Protein chains: 2
Amino acid sequence: MSAEKANSLDVARRAGVSQSAVSRVFTPGASVSKKMSERVLKAAAELGYRPNVLARSLITGRSRIIGLVVAYLENQFYPDALEKLSNALKKRGYHILVFMASNDREGVDQVMQELLDYQVDGIITASVAISNDLTTRCKAAGIPVVLFNRDQDGVKLSAVTSDNYAGAKKIADFLVRGGHRRIAHIAGWAGSSTGRDRQAGFRAGLKQSSRKLHVCVDGMYSREVAAAAVHQMFKKRWKPDAIFVGNDHMAFGVMDALRYDLGLDVPGDVSVVGYDDVPLAAWPTYDLTTLRQPSNRMVEATVDTLLGQIEGTAGQYKKIRIDGPLIVRGTARIPDGWVDEGL
Amino acid sequence: MSAEKANSLDVARRAGVSQSAVSRVFTPGASVSKKMSERVLKAAAELGYRPNVLARSLITGRSRIIGLVVAYLENQFYPDALEKLSNALKKRGYHILVFMASNDREGVDQVMQELLDYQVDGIITASVAISNDLTTRCKAAGIPVVLFNRDQDGVKLSAVTSDNYAGAKKIADFLVRGGHRRIAHIAGWAGSSTGRDRQAGFRAGLKQSSRKLHVCVDGMYSREVAAAAVHQMFKKRWKPDAIFVGNDHMAFGVMDALRYDLGLDVPGDVSVVGYDDVPLAAWPTYDLTTLRQPSNRMVEATVDTLLGQIEGTAGQYKKIRIDGPLIVRGTARIPDGWVDEGL
DNA sequence: AATGGTGCTGCATACGTATGCAAGAAAGAC
DNA sequence: GTCTTTCTTGCATACGTATGCAGCACCATT
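**A few points about the relation of the copies chain B and chain A**
Under the fitted operation, chain B is carried onto chain A by 0.0 Å of movement along the axis and a turn of 180 degrees, and the coordinates agree to an RMSD of 0.0 Å. On the angle and the small slide along the axis, the relation comes out as a two-fold axis. For chain B, the smallest separation between a C-alpha atom and the rotation axis is recorded for Leu97(B), amounting to 2.2 Å. Of the residues that chain B buries at the interface, 98% are likewise interface residues in chain A, meaning the two copies contact each other through the same surface.

**Some points on the sheet that holds strand 6 (residues 183-187) of chain B**
Residues and elements named next belong to chain B. Pairing is mixed in the open sheet, where 6 strands are placed in the order 7-6-8-9-10-12. Strands with a single pairing partner mark the edges of an open sheet, and in this sheet they are strand 7 (215-218) and strand 12 (326-327). The pairing of strand 10 (residues 289-292) with strand 12 spans 2 bridges and is classified as antiparallel. Within the sheet, the bridge partner assigned to Thr 290 lies in strand 12 and is Ile 327.

**With respect to the sheet that holds strand 11 (residues 319-322) of chain B**
One open sheet holds the 12 strands; their spatial order is 11(A)-5(A)-4(A)-3(A)-1(A)-2(A)-2(B)-1(B)-3(B)-4(B)-5(B)-11(B), and the pairing between them is mixed. Sheet topology places strand 11 (319-322) of chain A together with strand 11 of chain B at the edges, where each strand pairs with a single neighbour. In this sheet, neighbouring strand axes are inclined to one another by 20 degrees on average, regardless of whether the strands run parallel or antiparallel. Against the sheet, helix 6 (residues 105-117) of chain A contacts strand 1 (65-70), strand 2 (95-100) and strand 3 (122-126) of chain A together with strand 2 (95-100) of chain B, and its axis sits at roughly 150 degrees relative to strand 2 of chain A.

**A short note on the pattern of salt bridges**
Residues and elements named next belong to chain A. Evaluated as defined, the whole model comprises 26 salt bridges over all chains. Here Arg 14 makes a salt bridge to Glu 46, at a shortest N to O gap of 2.3 Å. Pair noted here: Arg 14 is in helix 1 (residues 8-15) and Glu 46 is in helix 3 (residues 34-47), with a separation of 32 residues, a long-range link. You can call Glu 46 partly exposed: its relative accessible area is 42%. One continuous salt-bridge network, built from bridges that share partners, spans Arg 14, Lys 42 and Glu 46.

**Quick word on the packing of aromatic side chains**
Counting across every chain of the model gives 20 aromatic pairs over all chains. Seen in terms of ring centroids, Tyr72(A) and Tyr78(A) are 5.9 Å apart; in terms of plane orientation they differ by 50 degrees. Their pairing is tilted. Given the relative accessible area of 5%, Tyr78(A) is considered buried. An aromatic cluster is present here, built from Tyr72(A), Phe77(A), Tyr78(A) and Phe148(A) joined pairwise through their rings. A cation over an aromatic ring shows up here: Arg223(B) above the ring of Trp283(A), its NZ or CZ 3.7 Å from the ring centre.

**Some points on the protein's contact with DNA strand D**
Around DNA strand D, 25 residues are found, and the nearest of them are Ser8(A), Ser23(A), Arg56(A), Arg24(B) and Ser33(B). Each atom of DNA strand D within 4 Å of the protein belongs either to a base or to sugar and phosphate, the latter forming 57%. Taking Arg24(B), its side chain carries an N or O atom lying 2.7 Å from a base nitrogen of DNA strand D. Contributing elements (two or more residues each) for the surface near DNA strand D: helix 2 (19-25) and helix 4 (53-60) of chain A together with helix 2 (19-25) and helix 4 (53-60) of chain B. Of the residues assigned to the surface near DNA strand D, the class counts are 10 nonpolar, 11 polar and 4 charged.

**Some details on the interface of chain B and chain A**
Counting residues at the interface gives 53 residues for chain B, matched by 52 residues for chain A. Overall, the association of chain B and chain A removes approximately 4,800 Å² of surface from exposure, summing both partners, and the carbon and sulfur fraction of that is 60%. By the criterion of area lost to chain A, the three top residues of chain B are Leu54(B), Tyr118(B) and Trp283(B), representing 15% of everything that side buries. Note that Arg50(A) is salt-bridged to Asp117(B), the shortest N-O span being 2.8 Å. For the pair chain B and chain A, the number of links is 20 residue pairs in polar contact (both at pLDDT 80 or more). Going through the elements one at a time, helix 4, helix 5 (77-91), strand 2, helix 6 (105-117), helix 7 (132-141) and helix 11 (248-261) of chain B are the ones with two or more residues in the side of chain B that touches chain A.

**Section: the protein's contact with DNA strand C**
Taken together, 25 residues lie near DNA strand C, and Arg24(A), Ser33(A), Ser8(B), Ser23(B) and Arg56(B) sit nearest. Between a phosphate oxygen of DNA strand C and a side-chain N or O atom of Ser18(A), the distance comes to 3.0 Å. Within the side chain of Tyr49(B), one N or O atom sits 2.9 Å away from a phosphate oxygen of DNA strand C. Those elements that provide at least two residues to the surface near DNA strand C are helix 2 and helix 4 of chain A together with helix 2 and helix 4 of chain B.

**Remarks on the nonpolar core**
If you look at the biggest cluster of nonpolar residues, it comprises 162 residues, and the most contacted ones within it are Ile123(A), Ile186(A) and Ile123(B). Beyond its immediate sequence surroundings of up to four residues, Ile123(B) is in contact with Gly67(B), Val69(B), Met112(B), Leu115(B), Leu116(B), Cys138(B), Ile143(B), Pro144(B), Val145(B), Val146(B) and Leu306(B). The next biggest cluster of nonpolar side chains, apart from the first, holds 18 residues, and it includes Phe202(A), Leu206(A), Tyr275(A) and Leu291(A).

**A word on the domain arrangement of chain A**
Split into domains, chain A comes out as domain 1 (8-51), domain 2 (60-161 + 295-322) and domain 3 (164-294). Averaged C-alpha coordinates put domain 1 of chain A and domain 2 of chain A at centres separated by 35 Å.

**Focus: the environment of Ile65(B)**
Within the secondary structure, Ile65(B) is located in strand 1 (residues 65-70). Residues Ile65(B) and Tyr118(B) lie 53 residues apart in sequence; the distance between their C-alpha atoms is 8.3 Å. Beyond its immediate chain neighbours, meaning those up to four positions away, Ile65(B) contacts Leu97(A), Tyr118(A), Tyr94(B), His95(B), Leu97(B), Val120(B), Asp121(B) and Gly122(B).

**Re the pairing of strand 6 (residues 183-187) of chain A**
All names here are of chain A. Across the 5 residues of strand 6, 5 count as buried, placing the element largely inside the fold. Neither face of strand 6 is exposed, since Ile 183, His 185 and Ala 187 on one face and Ala 184 and Ile 186 on the opposite face are all buried. Here strand 6 runs beside strand 8 (residues 242-245); their pairing, made up of 4 bridges, is parallel. Bridge pairing in strand 8 places Ile 183 opposite Ala 242.

**Notes on helix 3 of chain A**
Residues and elements named next belong to chain A. Taking 1.5 Å per residue, 14 residues should reach 20 Å; helix 3 reaches 20 Å between its end C-alpha atoms and fits that length. Listing the buried residues of helix 3 in full gives Val 40, Ala 43 and Ala 44. Down the axis of helix 3, the sector holding all buried residues measures 100 degrees, keeping them to one side. Exposed residues lying more than 90 degrees from the buried face of helix 3 are Lys 34, Lys 35, Lys 42 and Ala 45. Residues of helix 3 that are buried sit in contact with helix 1 and helix 2. Just beyond helix 3, the residue with positive phi is Gly 48, at close to 65 degrees.

Basis of the calculations
- Residues numbered from 1 in each chain as written.
- Chains lettered and ligands numbered in written order.
- Predicted model: local features only at pLDDT ≥ 70, side-chain atom pairs only at ≥ 80, totals over all residues.
- Heavy atoms only, no water.
- Least-squares fit on C-alpha atoms with pLDDT ≥ 70 in both.
- Contact = heavy atoms within 4.5 Å.
- Pairing = 2+ DSSP bridges.
- Helix = DSSP H or I, 4+ residues; strand = E, 2+ residues; numbered from the N terminus.
- Axes fitted to C-alpha atoms, helices over the stretch in contact; angles between N-to-C directions.
- Salt bridge = Lys/Arg side-chain N within 4 Å of Asp/Glu carboxyl O.
- Buried < 20%, exposed > 50% of the residue type's maximum accessible area, 1.4 Å probe, protein only.
- Phe/Tyr/Trp six-rings, centres within 6.5 Å; stacked < 30°, edge-to-face > 60°.
- Lys NZ or Arg CZ within 6 Å of the ring centre and 35° of its normal.
- Near = heavy atom within 4 Å.
- Polar contact = N/O pair within 3.5 Å; in protein donor to acceptor, adjacent residues only side chain to side chain.
- Nonpolar A, V, L, I, M, F, W, Y, C, P; charged D, E, K, R; others polar.
- Buried area = accessible area lost by both parts, 1.4 Å probe.
- Core = buried A, V, L, I, M, F, W, Y, C linked by side-chain atoms within 4.5 Å.
- Domains from an automatic or database assignment.
- Expected span 1.5 Å × (residues − 1).
- Arc of directions from axis to C-beta.

See the structure below:
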């Protein structure tokens, strides 16, 4: 009823105790008698009192806010991850402050600076790169950072990714054994570790079977760029009979271009394999063969690592790579005698 | 270099001025001489000082945090809106704290309570309903709330929606004039204003042409439920020749069920119309005829309304309904002589 | 009864910032 | 030159909470 919010002092007065007592009742693990606790909680309930998280953070030095920097939510992988991260963090008493960033360094750095203004306890960056300058700044301020679905060379930050190298290698093997002759790759942005690792793993896999990459284009993680790459590839005399696309989001654009612009059949004329296994990949329209990034486990690892560093139980940064299975669906020819590891 | 962050007092000492002076330099509109400003900014830069937003909020009573409550990000409409909201708010100096909520009232209320703990300046709820109890609580605490893409009867809160009634009516008209005889509706959750308004508008539109709804099922905004509804409808003797689906997300599930489970052609055998116009709807696989919710304008209106109330320039709550065009694509028969309003 | 220990509680202070007030400086008017 | 007005600055205090310290009460042990 009262216009203003009640604070701990109001509660203290109503319960006839000191302000410290109120604080202790709302501090888990503090020393309070049962009687005291009851009195205070009663008064608090009557006034609708709840502790002010911001004021609390001022003195504890903990805001219980995690900053999340993310570049774009168009690729379904990220909203999905955001949702899971938010839920996992909520369970442990933290919440997410969202920052959209353009993918260039400047943009990210500026945004991270704003993040720090909020005294966040930790930072998760989803598929964006940050400058070394800012890295040292975070380290100086003692703010843990975890890179999600991206790593960065020579940077002493925790990173959680899937095993992109191994995953792409699996795909190469799958396509080779499927009898494809001209295998192309539309890569993830070469400026990202994820894009580079997948490309490297894919090349390594082909090499192991003495094959060479027929053609390779940077798709920049963009549906449009990937579609344009397809057009380019199919103008040439020797057209690919298989394409490994750097993520599902681009793969959908590639399939649409193949089917609707070029009138080709997938996988009759061309096999397509993606990477991520976003929910859309399982829809029958696409039914995309793809390598699953186990987002549940990636999120778990991210949260564990981050909170470990925040709460001081884990000391150093770590690089975590999580293995994912190849999900065989209908967009790529299945090799004879292929045994599905998904089961 | 120093382990601890610099505060305004450190800056003051280094610049040889008072702490208040530092504060004023970083407070837009405060009275400071040019010389003072330069000295302070120099010292601040040397120490890497930036004001602590949380401490500031304690005294100003403004956190510059907006709470966003959202139920699910699977429907592409919401990540898209989230991104746009975040960008629009950032421009005006606010940031978004995200809370995922299950769609039942209890879940939402609990989450809103947590939100209030963070002293947010305002709240945006995306397609979730909140209890009257909590509504009055927010009002008592003086925290403005804007409902996004959802309204609530008898609740004195601002709400921004598209004109669902008029939009659905347009669709009814479009289908009738397209010569469809048995027009079905897979509705959005009847517990939501959005779902109800679209259904009511659709029925009204049919009635205007003396038609009746052939069959109507609640799709609960779920892809699976909507697909099951399709199966149900096509088991009957009299099968629909057109379906208006309560949003695009369900419409995709409906189309998949029609094409892949039942082997039907869209729009040859059945016309399908959606609602939202998410990016996916424009992809050639779906090429969905749908009513566009103008998310840019909805976001603008939401931000304007919310900040208007926060900054005290706008007094009362308002209900804003934004008109959207019918985007005619390839999933529904086009009436002879139809003039596209999209242009 | 005296001693030691344990469990609660209140007092006082600190966190980092903004702002009303009054005093000082500068500038203008005559 | 004096007086008034406008700017600029520092002092002191407030925001709402957590926590070290000391004191108190209570109980158990000797």
